[in-house]
Amino acid sequence: MSSPGAHAPAVHRDYGGAKIAMWLFLFTEIILFGGLFILYSAYRSKYPHEFHAAGNELNFVIGVINTLVLLTSSLSMALSISAIQQGKRRQSMLLLAVTVVLGAVFLVNKYFEWMAKFHHGIYPNSPELLQRPPGEVLFFGLYFTMTGLHALHVIAGMIILSIMLALLARERIRQDDYIKLENGGLYWHLVDVIWIFLLPLFYLAA
Amino acid sequence: MTAVAVTAVHAEPSFLEAGGRTGLLAWVLSTDHKRIGILYLFCLLSFFLVGVAIGVLMRLEQLTMGPTIMQPQTYNAMFTLHGVIMIFLFVIPGLPAVMGNFFLPILIGAKDVSFPRLNLLSWYFFVGGAILAVSSLFTGGGPPDTGWSFYAPYSIRTGTNVSLAVFAAFILGFSSILTGINFVTTIHRLRAPGMTWHRLPLFVWSLYATGWVQVLATPIIGITLALVIVERVFGIGVFDPAKGGDPVLYQHLFWIYSHPAVYIMILPAMGAITEIIPTFAHRTIFGYRFIAYSSVAIAALGSLVWAHHMFTSGMGEFANMIFSLLTFLVAIPSAIKVFNWVATLYKGSIELEPPMLYALSFIFLFCIGGLTGVMQGALAVNVHLHDTYFIVGHFHYVMFGGTGFAFFAALLYWFPKMFGKMYNRRTATIAWFPIFIGFNMLYFTMLVMGVEGMPRRYYDHLPQFHAGHVVATVGSWFLVSGLLILLGNFVVALLRGEKAEANPWGGVSLEWTIPSPPPVENFEEVPTITQPPYHFNPVGHP
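My aim in this report is to walk through the structure given alongside it, one point at a time. (Residues numbered from 1 in each chain as written. Chains lettered and ligands numbered in written order. Predicted model: local features only at pLDDT ≥ 70, side-chain atom pairs only at ≥ 80, totals over all residues.)

Secondary structure summary: chain B contains 16 helices and two strands in total. For 542 residues, the compact-globule estimate of 2.2 N^0.38 gives 24 Å, and chain B sits close to it at 23 Å. Each of the three principal axes of chain B carries a C-alpha extent, and together these read 70 × 45 × 45 Å. (Helix = DSSP H or I, 4+ residues; strand = E, 2+ residues; numbered from the N terminus. Rg over C-alpha atoms; globule rule 2.2 N^0.38 Å.)

See below:
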């Protein structure tokens, strides 16, 4: 979010306003996923046994590893903000870079997980999948849609944080002006929180 | 709010004159909320005229039985386009994007919205979405034929260009969300000193409630439309009964947004009417807090009634009853507003200037629209009326008779302030007659035909409906001629209208304390508010 009145000659910074806007934006993201959570709940209550059976096929270990990766990235994100608040720019940049790298690790894991499923002939509309009962078709349909949408958000978050990294390097984010980094951090935490819900819904459904 | 005296001397150039750039760039690169409002105004009116033209063609098709000027498939595309253009490109952005952008900062004594660049970005999203929507007509499998609601499973099966059209609506949703975020933040952060929540003009209250609905409801349509695309491209099956999916869930998700969207359309319209009525009754608004909080109540209750669009979809008795009850409840805050407007008129000294004429028509037409809505909220009646012309008549009374009339009332009210030119008031009054008469011939006839059983979205009709269709079609000609006179009057005023005064109507809110058109920074110095809003002096005691 840009700071208000950026075109005005006297730069007027409204941190409170920027925070309000960011939180409103986060609400929209939560509700975007909310639509998918509604679909998940409806179909899970309709096909409980098939969701259970399909959930068994997901790799619980990779799911948990990815959760740890994302949680760690949220920690480094929070530490990066603390660092810039104390004026430690290099440390803040390092921690932010760690966050972006952990995001990439998450995506690599996700890629191998999806590929493994594809090799077993399980992807949306695949002949193999369509022979299964409807509940399992829907489980995997939702699995690919929701984790796919989440992965898009991880990529968006990594792009945002990379921009923050550049702004830190040019000292456009400083000890006395770090609202952009804070808002970027909020977005990253949101991506993390959504995953915290996806993990039990899919990997622990069994 | 008369604290700030009108400055007779133009110390600063107006926003129409100032600025380094010239020509089109001065507009499309400007972050001035007033210029963005006017950009929206011209885009919206252009799309409105396209939507009207399509509507007239549909009415012409119904003039005779059998194919008149088009084939069934063309008619299907026509009502889809008419709906998509009117709803997503005119009525939903409507008052917030035009009047909200232009007047929200002025009404709260601010120089601009909280995020001017984001504001411009939301206009670009709007234009981008509009271009995509238009290109869906000429690319892929031809114009979408699903109706504006894109109901599954037809929308995932049809060979027409649904994907591009829903993607366009998705992008337009972004525009709406960004505007909502901007307005809510602006109202929280940029109020002038002394502008407490209970001193806000009621148009601002309505924009505040609308902003929240835009933020909280729009993402649902985003994910729903995205799922239609995913379903069409990848076939995940969530809305496809062949794969175990449930099309009724599509309807739920669609209306979880699209019913609150009705309140995105009507709340700012009510807000504008609430500004106009006291000005021309020269009397303070009756029941300020009731009107303010009823906006919030409508926004809240309106989010809980979506399934009344689905009483015949097979939801189950209990759900039907709950949603029917909630639908009756949401009528209460709307009625509160109507009673307050009427009570404001009581013992006022009413001046029937053009804005007031259109505003009073709004109250009349909105009452018909609202009460026919309550009728459909009743379960037994709904089964009879579902998918008939009664529905079409009802929502045109609300969206056109309501939001459309309020839009024109607001434009007539604020046009002199926006452009510094006064239109011909007599012509605007003359235009009212064909508009009002044509409107009622067109849509009241639809209500009657609906009760008699004329189904919506049919390109043809049975002999017993013929007379009704002829009346409606002739009504549409009256309506269109009136609209052309009204809009032509604005064009003439822009080209050679006489100069408008700073306060032509005797209004007391902040926009009337600054020159017409306003200077770039709105206020020479930030005003301090010391009085409640709508503080009218008794007539004869200026």
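What follows deals with the nonpolar core. Within the largest apolar cluster, 225 residues are counted, with the highest numbers of intra-cluster contacts made by Ile273 and Ala409 of chain B. What Ala409 of chain B contacts, discounting residues up to four positions off in sequence, is Ala272, Ile273, Ile276, Pro355, Tyr358, Ala359 and Phe362 of chain B. (Core = buried A, V, L, I, M, F, W, Y, C linked by C-beta atoms within 7 Å. Buried ≥ 20, exposed ≤ 12 C-beta atoms within 10 Å, placed from the backbone. Contact = placed C-beta atoms within 7 Å.)

The subject of this paragraph is helix α9 (residues 247-281) of chain B. Residues and elements named next belong to chain B. Under the 1.5 Å per step criterion, the end-to-end length of α9 is 50 Å for 35 residues, consistent within 8% with the ideal 51 Å. The principal kink in α9, of about 35°, is found at Trp255. α9 sits mainly inside the fold: 33 of its 35 residues count as buried. Just downstream of α9, His282 is the residue with a positive phi angle, here 50°. (Expected span 1.5 Å × (residues − 1). Bend = angle between axes of the 7 residues up to and from the residue.)

Before going further, it helps to examine the packing of helix α4 (residues 94-107) of chain B against helix α7 (residues 162-189) of chain B. All names here are of chain B. It is at 12 Å that the axes of α4 and α7 come closest, and there the two elements cross at 25°. Overall, the two elements α4 and α7 adopt an arrangement that is roughly parallel. Judged by the twist between their axes, the crossing of α4 over α7 is left-handed. Residue-level inspection shows Pro96, Ala97, Gly100, Leu104 and Pro105 of α4 in contact with α7, the latter providing Thr179, Phe183 and Thr186. Residues belonging to the contact of α4 with α7 are distributed by class as follows: five nonpolar, three polar and no charged. (Axes fitted to C-alpha atoms, helices over the stretch in contact; angles between N-to-C directions. Parallel < 35°, antiparallel > 145°, perpendicular 65-115°, else oblique. Left-handed = near helix turned anticlockwise from the far one by under 90°. Nonpolar A, V, L, I, M, F, W, Y, C, P; charged D, E, K, R; others polar.)

A few words now on the interface of chain B and chain A. Opposite the 31 residues of chain B that make contact, chain A presents 32 residues. If you list the elements that add at least two residues to the side of chain B that touches chain A, you get α5 (116-135), α7, α8 (202-234) and α9 of chain B. Per-element tally for the side of chain B that touches chain A: the top contributor is α8 of chain B, with nine residues. Residues that form the side of chain B that touches chain A fall into these classes: 17 nonpolar, 10 polar and four charged.

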